[in-house]
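Report on the structure
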Amino acid sequence: MRWEDVCAHAPRAMSSEVRERWATDGYLAFPALIDDATLAGLTGALEAIIDRSRTMTESTHFIDLDAGHTATAPRLRRAACLDDVDEVFWDFCSNSVLVDIAADILGPNVRFREAYANLKWSGGGAAVRWHQDLAFYPHTNTSTCQFIVSLEEVTGERGPLQVVPGSHRGPAYSHYTADGTWIGAIEPERLADANLDSAVELTGPAGSVSVHHGLMLHHSAQNHSDRNRPVLVITYTAADSIPYTAPPYRSSHHGELVRGIEPGVAHHEELTLVLPPDWSHGYSSLFAHQHDRTSEPPAT
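The following refers to the structure shown. Note that the structure is predicted; figures quoted are calculated from it, not measured. (Residues numbered from 1 in each chain as written. Predicted model: local features only at pLDDT ≥ 70, side-chain atom pairs only at ≥ 80, totals over all residues. Heavy atoms only, no water.)

**A short note on the overall build of the protein chain**
Counting its secondary structure elements, the protein chain contains 7 helices and 12 strands. Over its C-alpha trace the protein chain gives a radius of gyration of 18 Å, about what one expects of a compact globule, namely 19 Å for 300 residues. Taking the principal axes of the C-alpha coordinates as reference, the protein chain spans close to 55 × 45 × 35 Å. The proportion of buried residues among the 300 residues of the protein chain is 56%. (Helix = DSSP H or I, 4+ residues; strand = E, 2+ residues; numbered from the N terminus. Rg over C-alpha atoms; globule rule 2.2 N^0.38 Å. Buried < 20%, exposed > 50% of the residue type's maximum accessible area, 1.4 Å probe, protein only.)

**Quick word on the state of the cysteines**
Scanning the entire structure with this criterion turns up 0 disulfides. A disulfide-free cysteine, cysteine 7 has its sulfur positioned 15 Å from the sulfur of cysteine 145, the nearest such atom. (Disulfide = S-S within 2.5 Å.)

**Some points on the nonpolar core**
Residues Leu98, Cys145, Phe147, Val211, Leu232, Ile234 and Tyr236 are the most contacted members of the largest nonpolar core, which totals 46 residues. Of all the elements, helix H6 (residues 97–106) adds the most residues to this core, at 7 residues. Formed by 12 residues, the second largest nonpolar core is a distinct cluster that contains Ala80, Val163, Leu202 and Val231. (Core = buried A, V, L, I, M, F, W, Y, C linked by side-chain atoms within 4.5 Å.)

**A few points about the sheet that holds strand S5 (residues 128–131)**
Pairing is antiparallel across the open sheet formed by 4 strands, whose spatial order is S5-S10-S7-S8. Both outer strands of the open sheet, S5 and strand S8 (200–202), are each paired with one neighbouring strand and no more. Strand-to-strand twist across the sheet, computed as the mean angle between neighbouring axes with direction ignored, equals 25 degrees. Pairing geometry for strand S7 (residues 161–163) and S8, over 3 bridges, is antiparallel. Looking at the pairing, leucine 161 lines up with leucine 202 of S8. (Pairing = 2+ DSSP bridges. Axes fitted to C-alpha atoms, helices over the stretch in contact; angles between N-to-C directions.)

**Comments concerning unusual backbone geometry**
The peptide bond linking glycine 170 to proline 171 adopts the cis configuration, its omega dihedral lying at 5 degrees. In this structure, proline 171 sits in the loop between S7 and S8. You will see that asparagine 195, though not glycine, has its phi angle at about 60 degrees, which is positive. Within the secondary structure, asparagine 195 is located in the loop between S7 and S8.

**So, the packing of aromatic side chains**
Enumeration according to the criterion identifies 7 aromatic pairs in this entry. Between phenylalanine 112 and tyrosine 236, the aromatic rings sit 6.3 Å apart at their centres with planes inclined by 75 degrees, giving edge-to-face as the arrangement. On the criterion of sequence distance, the pair formed by phenylalanine 112 in strand S4 (residues 110–118) and tyrosine 236 in strand S11 (residues 231–238) is long-range, its members being 124 residues apart. Taken individually, phenylalanine 112 and tyrosine 236 each receive the classification buried, so the pair is uniform in this respect. Cluster of aromatic residues (ring-pair linked, three or more members): Trp90, Phe112, Phe147 and Tyr236. Its guanidinium or amino end placed over the ring of tyrosine 116, arginine 78 lies 3.9 Å from that ring's centre, counting from NZ or CZ. (Phe/Tyr/Trp six-rings, centres within 6.5 Å; stacked < 30°, edge-to-face > 60°. Lys NZ or Arg CZ within 6 Å of the ring centre and 35° of its normal.)

**Concerning the packing of helix H5 (residues 87–95) against H6**
The packing of two helices is summarised by the inter-axis angle and the distance between the axes. Relative orientation of the contacting elements H5 and H6 amounts to 35 degrees, with a least axis distance of 5 Å. Facing Phe92, Cys93, Ser94 and Asn95 of H5, the residues of H6 in contact are Val97, Leu98 and Val99. (Contact = heavy atoms within 4.5 Å.)

**Thoughts on helix H3 (residues 36–52)**
Between its terminal C-alpha atoms H3 stretches 24 Å, which fits the 24 Å expected from 17 residues at 1.5 Å a residue. Residues Leu39, Leu42, Ala45, Leu46, Ile49 and Ile50 constitute the buried set of H3. Buried residues along H3 cover an arc of 145 degrees about the axis, so they all sit on one side. Summarising the geometry of H3, the exposed residues directed more than 90 degrees from the buried face are Asp36, Ala37 and Ala40. (Expected span 1.5 Å × (residues − 1). Arc of directions from axis to C-beta.)

**A few points about the side chain of lysine 120**
Inspection of the secondary structure assignment puts lysine 120 in the loop between S4 and S5. Looking at lysine 120, the relative accessible area reads 5%, which means it is buried. At a separation of 2.5 Å, a polar atom in the side chain of lysine 120 contacts the side chain of serine 220. (Polar contact = N/O pair within 3.5 Å; in protein donor to acceptor, adjacent residues only side chain to side chain.)

**Remarks on the pattern of salt bridges**
Two side chains that carry opposite charge are able to pair once their charged atoms sit near each other. Counted under the stated rule, the structure contains 11 salt bridges. The closest approach of N and O atoms between aspartate 51 and arginine 54, which form a salt bridge, is 2.9 Å. With a closest N to O distance of 3.7 Å, arginine 75 and aspartate 66 form a salt bridge. Just as arginine 75 is buried, aspartate 66 falls in that class too. What you see here is one network of salt bridges that share partners, running through Arg2, Glu4 and Asp5. (Salt bridge = Lys/Arg side-chain N within 4 Å of Asp/Glu carboxyl O.)

**A look at helix H2 (residues 16–25)**
For H2, the complete set of buried residues consists of Val18, Arg19 and Trp22. What you see down the axis of H2 is that its buried residues fit within an arc of 105 degrees, all on one side. Buried positions along H2 lie against helix H1 (3–6), strand S1 (27–30), H6, strand S6 (144–150) and strand S9 (209–213).

This is the structure we're talking about:
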């Protein structure tokens, strides 16, 4: 849906001025948005996943183990397809204020795409290099957004998300090396003119929520604190934004309409996107792709 068509609908979860900041900056932040009771339910469901991982000795498609994982001291990088693991997660993805925010910035017809947790364990939990989400799941248009829901307080030393305001206006970068190897990250030399020095660090108390555009340049450093940094990562798309490729993670709810009606059309924008590898036969994780090659993103 074109931006002028989105703005023809009155926003429900924000003011018109805040919505215009989305168009300008490509991200929004809502400190302490999620109430304590909801946080407790989400945290409890995630802790159950962590507890079940104690019997694991290697990563699977759904659970990505961090270095040093043991039965007595589990360490996870990611837990995927949360909406199929516990109804608590799917209820949050389909009925919470996140859907209202998504409708305000994408238009009234919204699809759920995926939900996973990034846990960024204490004492060096994995960094994430500079990347754009649409490189992993290109669509017919750029009307996709990714939410980060902080289950605990996020401080500067715990590896918070950093975004470059305005970078959602392009360009769309390749996430391959010069020799054609997919690394799920942007090579540093390609970012020379990307204004990384303007990056904003998104910190806040437990329950804080941020949302960023699919072309937003973003990364996060290692967690150097003595506390874990668990966040939920939830993605929505406009219903008329159609994927070109198979999803890295396909839950039973992938592509389900969570707001509005089926538009019956595909909206195309004029843009060039480098296609990712074919995920239809399996996917490891962003961490595996990036950290086989480096442990820290380039400095901002």
